[in-house]
Every structure is written in C-alpha cells, then in structure tokens.
Amino acid sequence: MTVIVDATDHQTERHRFTLAQYFICLKGIVWREALRFIHQRERFVSALVRPLVWLFIFAAGFRQVLGVSIIPPYETYVLYEVYIAPGLIAMIQLFNGMQSSLTMVYDRETGGMRTLLVSPFPRWWLLTSKLVAGTLVSVLQAYAFLVIAWFWEIEAPPLGYLALLPALLLSGFMLGALGMLISSLIKQLENFAGVMNFVIFPMFFASSALYPLWRVKESSPFLYYVCELNPFTHATELIRFALYEQVSWVSLGVVLGCTVVFLFGAILAYDPGRGFLARRNNPGG
C-alpha cells in the first residue's frame, strides 16, 4: 500500500506544472500554428478573397436594393458596404475556425493529434492553446481585410480599430471552439467538406451579416427568430458595435455563453474515455 501511495504521489508531483511551463506549452502550439500559416500562403489569400468578393461585387449590386436605415450603432444612414463589413469580418473568423478544425482532422488521421494529446499537460490546456493559436491567426486576417477595406472608403472611428480587438478575440474564440467541437465528430477527412458547408452557409446567411434583422422580420418572423438564436448573428453584432466604440451587451453574453458551451463540449469530445478516441478504439461503436 505504501508503494502504491508513493507512486501516486510521485506521478501527481511530476504532472504539477508551473505557470512558466504552461506558457511554454502555449507558446509552442501558437508558434506551430504560425509556421503552418506562413507556409500556407494560399490560406491567407483565400481567407481574404471570399469577403472581398462580397464587398466589391455583391455589395455594389445590392446597394440600391438593400438600403440601410438608421439603426444602432450607426448614427446616420450608411452605405450597404459599410453595413456588411462587420459581417464579412465575422465570416473570415468563421472560415478560419472551420479551417483550423480541418487541420485537427488531418492531424488526427496522420497521428499528429494523438502525439499532442498524449502530452502530460492537461487536455483542456492543450485544446485551449490550439484555440488561442487559431484565434490569433483569424485576428490578423481580419485586420488585413480592414486595411484593404479602408482603401474602399470603409472607415471606422480611429479608436474603433483598437476597441475591435477584444471583440475579435471573443468571436474568434467562439467560432474556433465550434469548429473544434465539429472536428471531434468527424471520423474521416473526406466527410469534412460536406459538414463544413452544412454549418457555414446556414450560419452566415441566417444572420445579420448581410441584412438588418428588421428587414428579415418584415418578410418572415420565423426566420427572424432563427437569426436571433444564431450565435453568428451575435458575433457579427459584437464586432459591429465594437467598431463604433460601443458594446452590445446581449451579444457579448451570448458569445461568452456559447464559447463556454462549445469549448466544454470539445474538451469532453476529445476525452479518451468519452469522445472520438473511445469510439475509434471501440469496434462496436
């Protein structure tokens, strides 16, 4: 009995890490994601092409059809391009979250994910570090889009660009956690594209990214409530208000709540006793 207790104490002591060691783990995962992003330049370009197509082509066609009235946080009438800019920023983060989850599925098939998860660090910390790394990449993409949009005369108050940073971190964290949760449910890389489209397009179009919700309510009250329940709507509104140095408290609460739920679900799903590891090791599952 003494030997067992001593061995248990020794194992507990060995896995008791300092804050510096946790930080080194986080830095390593962030650096790995940064190197992957640098080496995959097409990923950066593709992340900007989608919103720029909406901004330069679709917005020009819809400008006369979808006029925007004075709604918070705007204090005057705004062009349609100005209205959809926050939604396009959120779209960048949504696609980046799905792209990060795609890399997790790929790493799982090649064995990279298993190598990461057998680390002595707590699984919640490893997954959170992976999430932080993906979120930082999405923030860089969002600000790159804003630089290009500035030349298209889509401007926010100077302090709005600084106030936007916390909103981008929160929304990126939520959408990344959602992608991580989805990745835990996909067993094969070939199935990912279909699942990703099934998630991305309904979330994007059934939101306030492209049109004000009061217009949706006029045409379809049911769709309006669907949009209100969509977490992507609140990520978009959080970004929209932050750009104009304001806070949408309802959206902030929804984004924080969804982040906790999605991240907690992902941590449980990647638990070897409950999630995909258990299903893969169980032939009858």
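Residues numbered from 1 in each chain as written. Predicted model: local features only at pLDDT ≥ 70, side-chain atom pairs only at ≥ 80, totals over all residues. Heavy atoms only, no water.

## Some thoughts on the overall build of the chain
Looking only at helices and strands, the chain has 13 helices and 0 strands in total. Each helix and strand of the chain, ordered N terminal to C terminal, gives the series α-α-α-α-α-α-α-α-α-α-α-α-α. The proportion of buried residues among the 285 residues of the chain is 47%. Intrachain contacts of the chain at a sequence separation of at least 6 include 78% that bridge at least 24 residues. With the model as given, the accessible surface of the chain reaches about 14800 Å², and the carbon-plus-sulfur share is 69%. (Helix = DSSP H or I, 4+ residues; strand = E, 2+ residues; numbered from the N terminus. Buried < 20%, exposed > 50% of the residue type's maximum accessible area, 1.4 Å probe, protein only. Contact = heavy atoms within 4.5 Å. Areas by Shrake-Rupley, 256 points an atom, 1.4 Å probe, with all protein chains shown as cover.)

## Re the pattern of salt bridges
Evaluated as defined, the whole model comprises 2 salt bridges. Residue E237 pairs with R240 through a salt bridge whose shortest N-O separation is 3.2 Å. Residue E237 and its partner R240 are located together in helix α11 (residues 231–243), separated by 3 residues, close to a single helical turn. Its relative accessible area of 15% is what places E237 among the buried residues. (Salt bridge = Lys/Arg side-chain N within 4 Å of Asp/Glu carboxyl O.)

## A closer look at the packing of aromatic side chains
Under the criterion given, the structure shown has 13 aromatic pairs. A centroid spacing of 5.2 Å and a plane angle of 75° characterise the contact between Y74 and Y244, whose relative ring orientation is edge-to-face. Taken together, the residues span a long stretch of sequence, with Y74 in the loop between α3 (41–62) and α4 (80–110) and Y244 in the loop between α11 and α12 (249–269) at a distance of 170 residues. For Y74, a relative accessible area of 5% puts it in the buried group. Pairing W150 with F151 gives two aromatic rings, centres 5.2 Å apart and planes at 85°, and the pair type is edge-to-face. An aromatic cluster is defined as three or more aromatic residues linked by ring pairs; in this entry it consists of W54, F201, F204, F205 and F232. R50 extends its terminal NZ or CZ atom over the ring of F95, reaching a point 3.8 Å from the ring centre. (Phe/Tyr/Trp six-rings, centres within 6.5 Å; stacked < 30°, edge-to-face > 60°. Lys NZ or Arg CZ within 6 Å of the ring centre and 35° of its normal.)

## Some thoughts on α11
Over its 13 residues, α11 runs 19 Å from end to end, which matches the ideal 18 Å to within 8%, given 1.5 Å per residue. Here α11 starts with a cap whose side-chain oxygen sits 3.0 Å from the backbone nitrogen of F232, and that cap is N230. One or two residues past the end of α11 sits E245, with phi positive at roughly 60°. (Expected span 1.5 Å × (residues − 1). Polar contact = N/O pair within 3.5 Å; in protein donor to acceptor, adjacent residues only side chain to side chain.)

## Points about the nonpolar core
Counting 65 residues, the largest nonpolar core has L88, I89, F145, F204 and F232 as the members making the most contacts within it. Where this core is concerned, the elements lending two or more residues are α3, α4, α6 (123–151), α7 (158–183), α8 (192–205), α11 and α12. Among the elements that make up this core, the one with the highest residue count is α4 (15 residues). Leave out the neighbours within four places in its chain, and L88 touches P51, W54, L55, F145 and F204. With 8 residues, the next largest nonpolar core counts Y22, I29, W125 and L126 among its residues. (Core = buried A, V, L, I, M, F, W, Y, C linked by side-chain atoms within 4.5 Å.)

## Focus on the environment of A242
Mapped onto the secondary structure, A242 falls in helix α11. Looking at A242, the relative accessible area reads 7%, which means it is buried. Linking A242 and P73, residues 169 residues apart in sequence, is a C-alpha distance of 9.0 Å. Beyond its immediate sequence surroundings of up to four residues, A242 is in contact with G160, A163, L164 and A167.

## Some points on α12
For α12, which comprises 21 residues, the first-to-last C-alpha distance of 30 Å matches the rise-based estimate of 30 Å (1.5 Å per residue) to within 8%. Listed in full, the buried residues belonging to α12 are S251, L252, V255, C258, T259, F262, L263, G265, A266 and A269.

## A few points about the confidence of the model for the chain
Per-residue confidence for the chain averages 81 on the pLDDT scale, and 82% of its residues sit at or above 70. When mean pLDDT is compared element by element in the chain, α11 scores highest at 96, while helix α1 (residues 2–14) scores lowest at 40. Here residues 1–14 is modelled with pLDDT under 50, and outside its nearest four sequence neighbours on either side it reaches 0 contacts, counting other chains as well. (pLDDT = per-residue confidence, 0-100.)

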